[in-house]
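# Structural overview
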Amino acid sequence: MIENLKKELKQINNLVELNQLKTNYLGKKGLISQKMQDMKTLSPEEKKQLGQEINILKKEIESLFLAKENELKEALINEEIIKETKDVTMPSYKFNLGTIHPLNQTIIDLENLYIGLGYEVAEGPEIETDEYCFEKLNLPKGHPARDMQDTFYINPELLLRSQTSPVQVRTMLEKKGKPIKIICPGKTYRRDADDATHSHQFMQCEGLVLGHNITLADLKGALLEMAKKMLGEDRKIRLRPSYFPFTEPSVEVDVSCHKCGGKGCSMCKNTGWIEILGAGMVNHHVLEMCGYDPNEIQGFAFGVGIERITMLKYGIEDIRNFYNNDLRFLKEFKEVK
Ligand code: DAH
């Protein structure tokens, strides 16, 4: 029987077949059970004798099955190990790391610069009231200077802010007559047709400094720092008289051309100077409307276009590049720190 079993076991390749064979030998109706049945008719001595033999036989059979079972299980595990082997030298997936958007980079640079000069960063909503965006900035309803900014109105009292200047109003109302030193970068909207230099949505950074004995010279110092930091340490600035309803006097600020150093080139239209922002001393009407006593506290404000300085800095000619989200364009700014 054992020799026969050994032969049969050799043919077995999996656990299902093995279990079947096991039932044939050791199951209730298997060969060993049959041998036990046969003992019934024997004498007690013969029973004892044969019983011992059958037990030995059974143990041998069981150990043969156990050995085969272990062999098959081992083979299964080995097979799985081979299948699941990982090549630890395989290179990992290439992650496409994003880059900081050039406009955000400009905002980060401006924030770092002005925080270093003691300013705080303020925020305001993009949906603004007519009162904060215009009226309290000395632009009552029907004022002709409203034409300077074509505005998206939601209803007669609500609009998409056309400038970041309403954050000046909000901050003044909040600080209730106390000194202020803030910048406010953020999104702005105007009903302009998009072209190389206009975008219906763009960004500005507002600045407002109110305190005792603040003069136009302080404004000039704050803006010279900006020109140097953003466009190069050897930049100069000049102030030209201008008009904004919320400042008096108002100035337009030019920076010496960073491309030609002031000699004259295509970038500065041969003038040596490039206009970068509007600014001025905060108009007394604005101060009064926002709860400040102009005899006590006064100061300056400025508003700079984020796209404008970013375009100048990197020589970008079309403002739409910032908003088309073409990865090839954005990736060019990988190295910007
Ligand atoms: N808000 C002006 C604009 O969008 C820019 C500006 C000019 C802001 C003078 C100021 C300022 O704070 O004082 O054209």
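The sections below set out a description of the structure shown in this document. Not measured: the values here are computed from a predicted model. (Residues numbered from 1 in each chain as written. Predicted model: local features only at pLDDT ≥ 70, side-chain atom pairs only at ≥ 80, totals over all residues. Heavy atoms only, no water.)

Before going further, it helps to spend a moment on the site of the ligand. Around the ligand, a shell composed of 16 residues is seen, among which Gln163, Gln168, Arg190, Gln204 and Glu206 lie nearest. Interatomic distance of 2.8 Å between a side-chain N/O atom of Arg190 and an oxygen atom of the ligand. Protein contact buries 92% of the 350 Å² of open area that the ligand shows by itself. For the shell around the ligand, the per-class residue count stands at five nonpolar, nine polar and two charged. (Near = heavy atom within 4 Å. Polar contact = N/O pair within 3.5 Å; in protein donor to acceptor, adjacent residues only side chain to side chain. Areas by Shrake-Rupley, 256 points an atom, 1.4 Å probe, with all protein chains shown as cover. Nonpolar A, V, L, I, M, F, W, Y, C, P; charged D, E, K, R; others polar.)

This next bit is on helix H2 (residues 15-26). Every α-helix winds through 3.6 residues per turn, so residues three or four apart in the chain are directed the same way. The terminal C-alpha atoms of H2, which comprises 12 residues, lie 16 Å apart, in line with the 16 Å expected from a rise of 1.5 Å per residue. What H2 keeps buried is the set Leu18, Leu21 and Tyr25. Looking straight down H2, one finds that the buried residues subtend no more than 65° of arc, so they occupy a single side. Relative to its buried face, H2 has exposed residues pointing more than 90 degrees away, namely Val16 and Gln20. Buried residues along H2 sit in contact with helix H1 (2-11), helix H3 (31-38) and helix H4 (44-83). In this structure Asn14 caps H2, since a side-chain oxygen of it lies 3.1 Å from the backbone nitrogen of Val16. (Helix = DSSP H or I, 4+ residues; strand = E, 2+ residues; numbered from the N terminus. Expected span 1.5 Å × (residues − 1). Buried < 20%, exposed > 50% of the residue type's maximum accessible area, 1.4 Å probe, protein only. Arc of directions from axis to C-beta. Contact = heavy atoms within 4.5 Å.)

Where helix H5 (residues 102-116) meets helix H10 (residues 306-314), the closest approach of the two axes is 9 Å, and the angle between their N-to-C directions is 100°. Taken together, H5 and H10 sit at an angle that is classed as roughly perpendicular. The segment H5 lies against H10, with Pro102, Leu103, Gln105, Thr106, Ile107, Asp109 and Leu110 engaging Ile306, Glu307, Ile309, Thr310, Lys313 and Tyr314. (Axes fitted to C-alpha atoms, helices over the stretch in contact; angles between N-to-C directions. Parallel < 35°, antiparallel > 145°, perpendicular 65-115°, else oblique.)

With that settled, consider the pairing of strand E7 (residues 237-244). Put simply, side chains in a regular strand alternate between the two faces of the sheet. Looking at chain direction, E7 and strand E8 (residues 247-256) are connected through seven bridges and run antiparallel. Residue pairing in the sheet places Leu239 in a bridge with Val253 of E8. Hairpin connection between E7 and E8: a loop of two residues separates the two successive antiparallel strands. (Pairing = 2+ DSSP bridges.)

Bear in mind that shape data such as this cannot, by itself, settle questions of function.
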